[in-house]
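# A closer look at the structure
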Number of protein chains: 2
Amino acid sequence: MKPLRIQLQPEDNVAIVVNEGGLPTGTVFDDGLTLVEHVPEAHKVALVDLPKGSPVTRYGVTIGTTNADVPRGAWVHEGLMEEPAAPSLQDAPFGGAPVPDMSPLEGITFQGYRNADGTVGTRNILAISTTVQCVSATVDYAVKRIKQDLLPKYPNVDDVIAITHNYGCGIAFYAPGSEIPIRTLRNLALNPNLGGAPMVVSLGCEKMQPSSMLPASTLPVLQQAPYVVTLQDEEHHGFMEIVSAILEMADKRLEELNRRTRVTCPASDLVVGMQCGGSDAFSGVTANPAVGYASDLLVRAGATVMFSEVTEVRDGIHMLTARAANDDVARALIREMQWYDDYLAHGGMDRSANPTPGNKAGGLNNIVEKAMGSIAKSGRSQIHGVLGPGERASTKGLLFAATPASDFVCGTLQLAAGMNMHVFTTGRGTPYGLAMAPVIKLSTRSPLARRWHDLIDIDAGTIATGEETIAQVGERIFQMILDTASGKHTTWADHYGLHNEFALFNPAPIT
Amino acid sequence: MKPLRIQLQPEDNVAIVVNEGGLPTGTVFDDGLTLVEHVPEAHKVALVDLPKGSPVTRYGVTIGTTNADVPRGAWVHEGLMEEPAAPSLQDAPFGGAPVPDMSPLEGITFQGYRNADGTVGTRNILAISTTVQCVSATVDYAVKRIKQDLLPKYPNVDDVIAITHNYGCGIAFYAPGSEIPIRTLRNLALNPNLGGAPMVVSLGCEKMQPSSMLPASTLPVLQQAPYVVTLQDEEHHGFMEIVSAILEMADKRLEELNRRTRVTCPASDLVVGMQCGGSDAFSGVTANPAVGYASDLLVRAGATVMFSEVTEVRDGIHMLTARAANDDVARALIREMQWYDDYLAHGGMDRSANPTPGNKAGGLNNIVEKAMGSIAKSGRSQIHGVLGPGERASTKGLLFAATPASDFVCGTLQLAAGMNMHVFTTGRGTPYGLAMAPVIKLSTRSPLARRWHDLIDIDAGTIATGEETIAQVGERIFQMILDTASGKHTTWADHYGLHNEFALFNPAPIT
Ligand SMILES: [Ca+2]
Ligand SMILES: [Ca+2]
Ligand SMILES: [Ca+2]
Ligand SMILES: [Ca+2]
Ligand SMILES: [Ca+2]
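Residues numbered from 1 in each chain as written. Chains lettered and ligands numbered in written order. Predicted model: local features only at pLDDT ≥ 70, side-chain atom pairs only at ≥ 80, totals over all residues. Heavy atoms only, no water.

## Points about the overall build of chain A
This is how it is decided: Each helix is a run of DSSP H or I of at least 4 residues and each strand a run of E of at least 2, with the numbering of both proceeding from the N terminus. Atoms counted for the radius of gyration: C-alpha only. Globule rule: 2.2 Å times the number of residues to the power 0.38. The rule is simple: take the accessible area with a 1.4 Å probe, protein chains only, and divide by the maximum for that residue type; under 20% is buried, over 50% is exposed, in between is partly exposed. Should any heavy atoms of two residues lie within 4.5 Å, those residues are considered in contact.
Broken down by element type, chain A carries 16 helices and 20 strands. Relative to its length of 511 residues, chain A is compact, with a C-alpha radius of gyration of 24 Å against a globular reference of 24 Å. A burial count over chain A gives 65% of its 511 residues as buried. A fraction of 72% describes how many contacts in chain A between residues 6 or more apart in sequence connect residues 24 or more apart.

Encoded structure:
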């Protein structure tokens, strides 16, 4: 393969090397640019001389300042760049970004399970919520039995899962921040893929009681039918009676869920969460912009699309507030960024704690560069709403769901927000999967997609090699979302049953 | 059953009602005490008139002050008592408690698995450590395969477990407090029940690399043999090759572990962790004092015994420092209490966040009363050492392992400290279990033991009814520890495979 590099914006003074294994000293590009040293794959090469103190420009923005003279053709690595300060939240503009042409896409549909509350499931899953970690092993035991003994009787039900976690007792129930794990657990139980038929297993003496986790007012079914098995109830004599009580309630729920069938639903019933993890320098060039393209298609089709990961977008706050549909949205964006700034400062940290050794080895030098790549997942649409961590989406269009960037914490919070389809991009590679919603995984480069042929669902590396455009990969993502949502396509994570545990975000202390 | 009550110390001015269901108004005790109202089971009755402002005395200490006139024979409930302030850490005495006669118990042995580092396992388990949550689902998949395909070939190996967790990436690796989860994961891998044959599954790009979680200097085997499977390694083509690589390394470890046999070991090789959860007013009267008696027997036999749960013993700090074997131990006790006071204050909370609705319904009105009951688990021995959360024990005798009271967080930290046997008392009832060490569960009352006949291993409720003495139940606990450690007795949690997930204590922020 001939030497290839990607420059994103005309004003950029660095480009990234595309070739597998990087390029050696002396490599000459078509336009005469000559490498003065080895530049690793996915890392940056200087397109012009960058004297000490020059801004390093990528994505059309300054991602750092050189701390030494860097000649044209040199490797612009982490040690040569000073990180810019975080942009001030006070100075972020309210609106003003050009509003792209987003003509509606009419008539796009998928086959889903319609719920009584108007939401639509892409899967038909029985979930057993738990109020406290004490019951986890018991519920795991019961779920195994349910899958073995009951599930085969109900062919329309896809799966049985336990919403287990480390919360519920031994925690400060009224501490500042404790509303986050509590509403997360509540809203997880209301996820559209669970068919509005929740059941809860409680211990009895825990701090978080079923009535505070999932009040009967939350769903009509909770007022009509008993929905809680309490282990400490006097009627249960021994473990086997406890397990039988769980199986009995599960059997009733399975019967209800089994009666449902897929119906044709407009694409506006999709709630798609976008995330990246194990990112590299190609994330912001291939996979994330392709996801952004798909995101715009979804928004045009009327769907709800979420992007997240506060610490990864914090450095692009001015770009986000400029895209806010109104001042309330801009204010809410700033509020969530400020909350996280304070949260990190409280823990003695700042946003620079985000990038990983893998990010850096992958050519992502700092949080600014990572942010520009991460924001690309949100496409170009206006931002129509903002959710605090664990809140449930109630509006359509593009939303910012404020979550940590930590992969499973973000995924869990997007599920609580009502996500029924998930798209996840990865540069370094991660076998990410969730039990509650299908996950479509994209690789940023083709070598990863080839190596992990049975883990990566879509290869966006074809954008770097020029085999496909961003639009072409974006259209493929959009189509796979519809097919997967309809149950016609199975993702690799679901094929192997690779389903990671839920990971709650609890900013409060434990006791 | 005739009316029964328990008064713990001669100076106590309240006693607790023992009878199931409580006792009605007008009940007359043998000595003429007459109830002026219904007093629920496990709740307190006033033995004398307590005018407003009187100290309420139980365990010989003031657990509160009356805020109204309370007549003899009345129910002394939460609403009638003001909680005392936490005792000052500055004023805690260094030593001075009478040193009880603790003559050595010679010749007590059990059958254990001796490890190269001198520690002894009570089980022979293969554990797969993980550096990051991204690999959890993959390792769960592999463990299932290992149990199905490999474990049957190795009859001397008891189990295969995955040490999965929500740490490793998306976290602030250098934040204050992050040393706690990191050393916890390291020391979990070194638990005596894992035979010194750790293996690690890593993703590749995570923040916590195998070399920082489990440096090769930690165990000799880590210098000799490869012990890490890295998912992102270029040699793995596809998920099935990843799984094969894990199985291959597991097979080698299983072969080593399978060669081991139990040998006679002195009781001094036991490392026993004591804990309580779902406590009630009987915890401090029946089960915990019996555990304390067993603890003293173990200490006399040369074993290591740990008690924990900072927020539950904080209010008895003066009693603990008085029992410190030397000034360093007293200082370390104060240091750990201070750390936790600060941690809770930082989160906007204080120690009063500990008691649960279940505690209160069970007659435990506040943290002072709970503390006196919790400390009873430590017996009467001198305190010989203090461990910070996640630190590994290196001394014999009674140790205070500073941990949150949260059941699985405490259990996980005690496992990291090297615990090879666990004793857990419960009043309200919890189906607690751990994968890494056998758990003996005690009930504080007989009705729970009868109802949960296949979850509770020892009924300490016989102490309340007068059928057994504290010493008799203590001896039974001691004997069951030896039998279980030797593999001759199976606990109910192990019988059903009720093994809760590990729960890390991470006081640092996530990103
Ligand atoms: Ca990300
Ligand atoms: Ca992420
Ligand atoms: Ca699990
Ligand atoms: Ca306790
Ligand atoms: Ca506890």
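## Focus: unusual backbone geometry
Residues and elements named next belong to chain A. The backbone phi angle of alanine 42 is positive, close to 75°, even though this residue is not glycine. Inspection of the secondary structure assignment puts alanine 42 in the loop between strand S2 (14-17) and strand S3 (44-46). At tyrosine 59, a position not held by glycine, the phi torsion is positive, near 55°. Position of tyrosine 59 among the secondary structure elements: in the loop between strand S4 (55-58) and strand S5 (61-66).

## Digging into the coordination of the calcium ion (ligand 1)
Perfect tetrahedral coordination of a metal by four donors corresponds to 109.5 degrees between them, and perfect octahedral coordination by six donors corresponds to 90 or 180 degrees. All names here are of chain A. The test is simple: Listed donors are limited to N, O and S atoms within 2.8 Å of the metal, widened to 3.2 Å for Na, K and Ca; water is not among them, so incomplete-looking sites are possible.
The protein atoms donating to the calcium ion (ligand 1) are Cys276 (O), Cys276 (SG), Glu309 (OE), Glu312 (OE) and Glu312 (OE), with metal-donor distances spanning 2.3 to 2.6 Å. Between the donor residues of the calcium ion (ligand 1), the gaps in sequence give the motif C-x32-E-x2-E. Here the calcium ion (ligand 1) and the calcium ion (ligand 2) are spaced 3.4 Å apart, with cysteine 276 acting as a shared donor. Taken together, the residues span a long stretch of sequence, with cysteine 276 in strand S14 (residues 271-276) and glutamate 312 in helix H7 (residues 310-313) at a distance of 36 residues.

## Here we look at the environment of Gly121(B)
All names here are of chain B. Assignment of secondary structure puts glycine 121 in strand S8 (residues 120-121). A residue is classified by how much of its surface remains accessible, and glycine 121, at 0% relative accessible area, is buried. Glycine 121 sits 297 residues away from glycine 418 along the chain, and the two C-alpha atoms are 9.7 Å apart.

## Brief notes about the sheet that holds strand S3 (residues 44-46) of chain B
Residues and elements named next belong to chain B. Convention followed: Paired strands, as defined in this entry, are two strands with at least two bridges between them according to DSSP.
Reading across the sheet, the three strands line up as S1-S2-S3 and stay open at both edges, with antiparallel pairing between neighbours. Lying at the two open borders of the sheet, with one neighbouring strand each, are strand S1 (5-6) and S3. The pairing of S1 with strand S2 (residues 14-17) spans two bridges and is classified as antiparallel. In the strand pairing of S2, arginine 5 is matched with valine 17.

## Describing the pairing of S2(A)
Sheet analysis places S2(A) next to S3(A), joined by three bridges and oriented antiparallel. When the sheet's bridge partners are listed, Ile16(A) is paired in S3(A) with Lys44(A).

## As for the interface of chain B and chain A
Convention followed: Note on definitions: buried area is the accessible-area loss of two parts on being combined, 1.4 Å probe, summed for both. When a carboxyl oxygen of Asp or Glu is within 4 Å of a side-chain nitrogen of Lys or Arg, the pair counts as a salt bridge. We define a polar contact as two N or O atoms separated by no more than 3.5 Å, with the added condition that, inside protein, one atom must be a possible hydrogen donor and the other a possible acceptor, whereas residues neighbouring each other in sequence contribute only through side-chain atom pairs.
Between chain B and chain A, the residue contacts involve 70 residues of the former and 70 residues of the latter. Overall, the association of chain B and chain A removes approximately 5400 Å² of surface from exposure, summing both partners, and the carbon and sulfur fraction of that is 62%. The interface formed by chain B and chain A holds zero salt bridges in total. The interface formed by chain B and chain A holds 23 residue pairs in polar contact (both at pLDDT 80 or more) in total.

## What about the relation of the copies chain B and chain A?
Each of the two chain copies can be generated from the other by rotation about an axis followed by a shift along it. To keep it simple, the criterion reads: When the copies are overlaid, the least-squares fit takes in C-alpha atoms only where the residue has pLDDT of at least 70 in both copies.
Note on the identical chains: chain B maps onto chain A by a rotation of 180° and an axial translation of 0.0 Å, with an RMSD of 0.1 Å. The transformation just described matches what one would write down for a two-fold rotation axis. For chain B, the residue whose C-alpha comes nearest the rotation axis is His346(B), separated from it by 4.1 Å. Interface residue correspondence from chain B to chain A reaches 100%, placing this contact among same-surface, isologous pairings.

## So, the coordination of the calcium ion (ligand 2)
For the calcium ion (ligand 2), the full set of protein donor atoms is Gln275(A) (OE1), Cys276(A) (O), Glu309(A) (OE), Ala405(A) (O) and Asp407(A) (OD), and the range of their distances to it is 2.3 to 2.5 Å. Sequence spacing of the donor residues for the calcium ion (ligand 2), all on one chain, is Q-C-x32-E-x95-A-x1-D.

## Some details on the packing of helix H6 (residues 287-300) of chain A against helix H15 (residues 470-485) of chain A
When two helices pack together, their arrangement is given by the angle between their axes and by how far apart the axes lie. Residues and elements named next belong to chain A. The line we're drawing: To get an axis, fit a line to the C-alpha atoms, keeping to the stretch in contact for a helix; angles then go from 0 to 180 degrees between the N-to-C directions. An angle below 35 degrees is treated as roughly parallel, one above 145 as roughly antiparallel, one from 65 to 115 as roughly perpendicular, and anything else as oblique. Each helix crossing is assigned a hand: it is left-handed if the near helix lies turned anticlockwise from the far helix by less than a right angle, otherwise right-handed if that turn is clockwise. Classification convention: Asp, Glu, Lys, Arg as charged; Ala, Val, Leu, Ile, Met, Phe, Trp, Tyr, Cys, Pro as nonpolar; all other residues, Gly among them, as polar.
Running from N to C, H6 and H15 cross one another at 55°; their axes reach a closest spacing of 8 Å. One element, H6, and the other, H15, form an angle in the oblique class. Remark: the crossing between H6 and H15 carries right-handed chirality. Facing Pro289, Ala290, Val291, Tyr293, Ala294, Leu297 and Leu298 of H6, the residues of H15 in contact are Ile470, Ala471, Val473, Gly474, Glu475, Ile477, Phe478 and Ile481. Residue composition of the contact of H6 with H15, by class: 13 nonpolar, one polar and one charged.

## Description of H15(A)
Threshold: Working rule for helices: expected span equals 1.5 Å times residues minus one.
For H15(A), spanning 16 residues, the distance from its first C-alpha to its last is 22 Å, which sits close to the expected 22 Å at 1.5 Å a residue. Remark: Gly487(A) follows H15(A) within two positions and exhibits a positive phi of approximately 80°.

## Regarding the packing of aromatic side chains
So the rule is basically this: When the centres of two rings from Phe, Tyr and Trp lie within 6.5 Å, Trp using its six-membered ring, the rings pair. Their planes under 30 degrees apart give stacked, over 60 give edge-to-face, and anything left gives tilted. Only when the NZ of Lys or the CZ of Arg is both within 6 Å of the ring centre and within 35 degrees of the ring normal is a charge said to sit over the ring.
Evaluated as defined, the whole model comprises 28 aromatic pairs over all chains. A centroid spacing of 4.0 Å and a plane angle of 20° characterise the contact between Phe424(A) and Tyr432(A), whose relative ring orientation is stacked. Relative accessible area serves as the criterion here: at 0%, Tyr432(A) is assigned to the buried category. For the ring pair Phe173(B) and Tyr174(B), a centre distance of 5.1 Å and an interplane angle of 85° mean the geometry is edge-to-face. Feature note: the residues Tyr141(A), Phe239(A), Trp492(B) and Tyr496(B) constitute an aromatic cluster, connected by ring pairs. The lysine or arginine in question, Arg5(A), covers the ring of Phe29(A), its NZ or CZ lying 5.0 Å from the ring centre.

## Concerning the UniProt feature "domain: SAF" (unreviewed entry) in chain A
Just so we agree on the cut-off: UniProt positions are given in the numbering used here, feature names are shortened, and annotations may be inferred rather than shown by experiment.
The sites that carry the UniProt feature "domain: SAF" (unreviewed entry) are, in the present numbering, residues 12-82 of chain A. Secondary structure across residues 12-82 of chain A divides into 0% helix and 27% strand, with the first and last C-alpha atoms of the span separated by 17 Å.

## Some thoughts on empty space enclosed by the protein
So the rule is basically this: A pocket, in this scheme, is an open set of points on a 1 Å grid over the protein atoms alone with protein on both sides within 12 Å along at least 5 of 7 lines, while a cavity is a set where a 1.4 Å probe fits but cannot get out; residues line either one if an atom lies within 4 Å of a point. Grid points are joined across faces, edges and corners, and a volume is the space filled by probe spheres set on the points.
Tallied over the entire structure, the rule returns seven cavities of 30 Å³ or more. The calculated volume of the largest cavity comes to roughly 240 Å³. Residue lining of the largest cavity: 22 residues in total, with Gly278(A), Thr356(A), Asp407(A), Cys169(B) and Gly170(B) positioned closest to the centre. Along the walls of the second largest cavity sit 21 residues, with Cys169(A), Gly170(A), Gly278(B), Thr356(B) and Asp407(B) positioned nearest its centre. Within the lining of the second largest cavity, the residues separate by chemical class into six nonpolar, eleven polar and four charged.

## Some points on the sheet that holds strand S18 (residues 421-426) of chain B
Residue and element names in this part refer to chain B. Judged by pairing direction, the sheet is parallel, and its seven strands sit side by side in the order S16-S17-S15-S14-S18-S19-S20 without closing on themselves. At either end of the open sheet lies a strand with only one pairing partner, and these are strand S16 (383-387) and strand S20 (458-459). The sheet contact formed by strand S19 (residues 439-443) and S20 spans two bridges and is parallel. In the strand pairing of S20, serine 443 is matched with aspartate 459. The strands touched by helix H6 (residues 287-300) within the sheet are strand S14 (271-276), strand S15 (304-307), strand S17 (397-401), S18 and S19, with S14 carrying the most contacts at an inclination of about 165°. Helix-sheet contacts for helix H12 (residues 407-416) involve S14, S15 and S18, and the interaxial angle to S14 is about 170°.

## Focus: the domain arrangement of chain A
Put simply, the test is: For the domains described, the bounds stem from an automatic or database domain assignment.
Under the domain assignment, chain A is made up of domain 1 (1-82), domain 2 (115-258) and domain 3 (264-496). Relative placement of domain 1 of chain A and domain 2 of chain A: their C-alpha centres are 53 Å apart.

## A short note on the nonpolar core
Side chains of nonpolar character tend, in soluble globular proteins, to be buried together. Going by this rule: We call a set of buried Ala, Val, Leu, Ile, Met, Phe, Trp, Tyr and Cys residues a nonpolar core when their side-chain atoms join them within 4.5 Å.
Of all hydrophobic cores here, the largest spans 292 residues; its most connected members are Leu270(A), Ile477(A), Leu270(B) and Ile477(B). Discounting residues that sit within four places of it in the chain, Leu270(B) has contacts with Phe110(B), Thr122(B), Leu298(B), Ala303(B), Thr304(B), Asn420(B), Met421(B), Ile481(B), Leu482(B) and Ala485(B).

## Description of a negative patch on the surface
All names here are of chain A. Defined as follows: Note that patches include only residues with greater than 30% relative accessible area and no salt bridge, and the join distances are 9 Å for like charges and 5 Å for nonpolar side chains (Val, Leu, Ile, Met, Phe, Trp, Tyr). Accessible surface is estimated by sampling points in the Shrake-Rupley manner with a 1.4 Å probe; for residues, cover comes only from the protein chains shown. We count Lys and Arg on the positive side and Asp and Glu on the negative side, and we leave His and both chain ends out. We put the charge of a Lys on NZ, of an Arg on CZ, of an Asp on CG and of a Glu on CD.
On the surface, a cluster of negative charge is contributed by Asp233, Glu234, Glu235 and Glu241. Relative to the helices and strands, aspartate 233 is located in the loop between strand S12 (228-230) and helix H5 (239-258). Look at aspartate 233 and you get partly exposed, because its relative accessible area is 30%.

## Some details on the side chain of Arg253(A)
Residues and elements named next belong to chain A. Examined against the element boundaries, arginine 253 turns out to sit in helix H5. Buried within the structure, arginine 253 lacks any salt-bridge partner; glutamate 256 is the closest side chain of opposite charge, at an N-O distance of 4.0 Å. Among residues more than four places away in sequence, those in contact with arginine 253 are Leu126, Ala197, Pro198, Met199, Pro226 and Tyr227.

## Quick notes on helix H9 (residues 327-346) of chain A
All names here are of chain A. If you check H9, its first and last C-alpha atoms are 28 Å apart, about what 20 residues at 1.5 Å a residue would give, namely 28 Å. For H9, the secondary structure elements touched by its buried residues are H7, helix H8 (317-322), strand S16 (383-387) and strand S17 (397-401). Measuring from the backbone nitrogen of aspartate 328 back to the side-chain oxygen at the start of H9 gives 3.0 Å, which picks out asparagine 326 as the cap. Looking one or two residues beyond H9, the residue adopting positive phi is glycine 348, at roughly 75°.

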